[in-house]
Amino acid sequence: MDQYFSRGADQPERPAMAHPAPPATVIPFMMPPVTHDRRGRWRTVGIEIEFTGPTAAETARALRAAFGGAVRENDPHAFRLMGSSIGDMSVELDSRMVHPAKTGKGGAILPRIAAWFGSAARVLIPCEIVTAPLPLNRLHEAERVLDVLRGLGAKGTQDGALYAFGLHFNPQVPAEDAATVVAHLKSFVLLNAWLRRQVAPDATRSVLGFADPFPAAYTRHLVAPDYWPDLTTFIDDYLAANPTRNRDLDLLPLLLHLDPDRVRRALPNEKINARPTFHYRLPDARVSDPGWSLAPDWNRWVSVERLACDRDRLMAAGQAYLGFAGEEKSWADVADGIVHS
């Protein structure tokens, strides 16, 4: 019988144990300007990857073979790998409808119906792997998850007209003060036209929809060089303009962590899990492509953090944005220059 235990990937590392180094042929993962939190520990990043093909059970067993640990079944379409070499991971169909425990509804019939529905809908509902928060210096180890998926024959965004699958990064915030959060959101909206062009979303996302960019009026308010509000004012402004999870940089989990009462008063019914992270949603997960890596998308996020940490460049970019009269595609060219300056 498997022994069930939990171990996060952010535990202090034992000096005698060396973690695998990235192969010389892969794209390196860049480091942001702030690599440690205020307690001197490595900042962490959680990763979410959507795919289809293998079942959640098959995927969980394959991950156990690659990373060790013990598999626990929560329901026929939701599994948790406990105590792997990169921390705990969950694998499940990405729909609350097939997980009775998440709906809060009990009974003996509903779980059987949910299990049947999940089996029938598996061709349309993606599976999702969610990793434990990985320290930045071990982020490259998550590439092995892609190897496992390819070994199982998993399919990604490019493999089907209806495969609108995503990749999400959940980087721990460098600090939980207003200036840090505001600076990172300023940087993101200023670079978002460039980010979207670089990601080159699959045409499926244009048909089925993906996360909306921030409203133009809010963006102009946000990037003003003199906009440095306290945390309460920032949260109120954000919630007034963005009462939704439908943003490519979703701050609601972070804001709920920082001020749960304020967020819940504004959004009492929104499904949000509080956590001290940004939630960066990307529209492309090409898991079957042997050349696809997590590194390029991560490295573009690092560009956001670099601009956020350079107050002079950030304010100059905001001023330039407010004075720009062209279209978003043209601003993407300006943003490219900001990134590479």
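Computed from a predicted model, the values in this text were never measured in an experiment.

Of the regular secondary structure elements, the chain holds 13 helices and nine strands. In the chain, buried positions account for 49% of the 341 residues. When contacts within the chain are restricted to residue pairs at least 6 apart in sequence, those whose partners lie at least 24 apart make up 75%. Just so you have it, the chain exposes about 15800 Å², and 54% of that area is on carbon and sulfur atoms.

On to the nonpolar core, then. Considering soluble globular proteins, one finds that nonpolar side chains tend to be buried as a cluster. The biggest cluster of nonpolar side chains holds 87 residues, and the ones touching the most others in it are L185, F234, Y238 and L294. In terms of residue count, the dominant contributor to this core is helix α5 (residues 178–199) (12 residues).

What follows covers the pattern of salt bridges. A complete count under the given rule lists 16 salt bridges for this structure. Ionic pairing is found between R38 and D177, a salt bridge with its closest N-O pair at 3.2 Å. Here D177 lies in the loop between β7 (167–171) and α5 and R38 lies in the segment before β1 (44–51), a separation of 139 residues in the sequence. With relative accessibility at 70%, the residue R38 sits in the exposed group. Linking D289 and R286 is a salt bridge whose minimum nitrogen-to-oxygen distance equals 3.7 Å. We classify R286 as partly exposed; its relative accessible area is 28%.

Most of strand β5 (residues 127–131) sits inside the fold, with four of its five residues counted as buried. In terms of strand pairing, β1 meets β5 through four bridges, oriented antiparallel. Residue pairing for β5: I49 is matched across the bridge by I129. As judged from the five bridges shared by strand β4 (residues 89–93) and β5, these two strands associate in the antiparallel manner. Paired with M89 across the bridge in β5 is T131.

What follows concerns the pairing of β7. The buried count for β7 comes to five of five residues, which makes it a mostly enclosed element. Burial along β7 is two-sided: the face carrying L167, F169 and P171 and the face carrying H168 and N170 are both buried. Here β1 pairs with β7 via five bridges, running antiparallel. Bridging across to β7, G46 finds its partner in N170. Pairing between β7 and strand β9 (residues 279–282): three bridges, direction antiparallel. The residue bridging H168 from the neighbouring strand is R281, located in β9.

This part is about the packing of aromatic side chains. Overall, the coordinates contain 11 aromatic pairs when judged by the stated rule. Relative to Y238, the ring of Y218 lies with its centre 6.2 Å away and its plane at 85°, an arrangement referred to as edge-to-face. Taken together, the residues Y218 in helix α7 (residues 216–223) and Y238 in helix α8 (residues 231–241) connect sequence positions 20 residues apart. Residue Y218 shares its accessibility class with Y238, and that shared class is buried. Residues F234 and Y238 carry aromatic rings whose centres are separated by 6.2 Å and whose planes lie at 45° to one another, so their mutual orientation is tilted. Within this pair, F234 and its partner Y238 are both found in helix α8, separated by four residues, close to a single helical turn. Accessibility expressed as a relative area gives 0% for F234, which makes it buried. Judged by its relative accessible area of 0%, Y238 falls in the buried class. Members of the aromatic cluster, each reached through a chain of ring pairs, are F188, F278, Y280 and W301. Across the ring face of W228, the terminal group of R311 is positioned such that the distance to the ring centre comes to 3.7 Å.

So, on to the packing of helix α12 (residues 311–322) against helix α13 (residues 328–339). Closest axis-to-axis distance for the α12/α13 pair is 12 Å, and the angle between their directions is 165°. In terms of axis orientation, α12 runs roughly antiparallel to α13. With respect to the hand of their crossing, α12 and α13 are arranged in right-handed fashion. Between α12, through R313, A317, A320 and Y321, and α13, the contact on the second element is made entirely by W331, I338 and V339. Of the residues assigned to the contact of α12 with α13, the class counts are six nonpolar, no polar and one charged.

Definitions and limits used
Residues numbered from 1 in each chain as written. Predicted model: local features only at pLDDT ≥ 70, side-chain atom pairs only at ≥ 80, totals over all residues. Heavy atoms only, no water. Helix = DSSP H or I, 4+ residues; strand = E, 2+ residues; numbered from the N terminus. Buried < 20%, exposed > 50% of the residue type's maximum accessible area, 1.4 Å probe, protein only. Contact = heavy atoms within 4.5 Å. Areas by Shrake-Rupley, 256 points an atom, 1.4 Å probe, with all protein chains shown as cover. Core = buried A, V, L, I, M, F, W, Y, C linked by side-chain atoms within 4.5 Å. Salt bridge = Lys/Arg side-chain N within 4 Å of Asp/Glu carboxyl O. Pairing = 2+ DSSP bridges. Phe/Tyr/Trp six-rings, centres within 6.5 Å; stacked < 30°, edge-to-face > 60°. Lys NZ or Arg CZ within 6 Å of the ring centre and 35° of its normal. Axes fitted to C-alpha atoms, helices over the stretch in contact; angles between N-to-C directions. Parallel < 35°, antiparallel > 145°, perpendicular 65-115°, else oblique. Left-handed = near helix turned anticlockwise from the far one by under 90°. Nonpolar A, V, L, I, M, F, W, Y, C, P; charged D, E, K, R; others polar.

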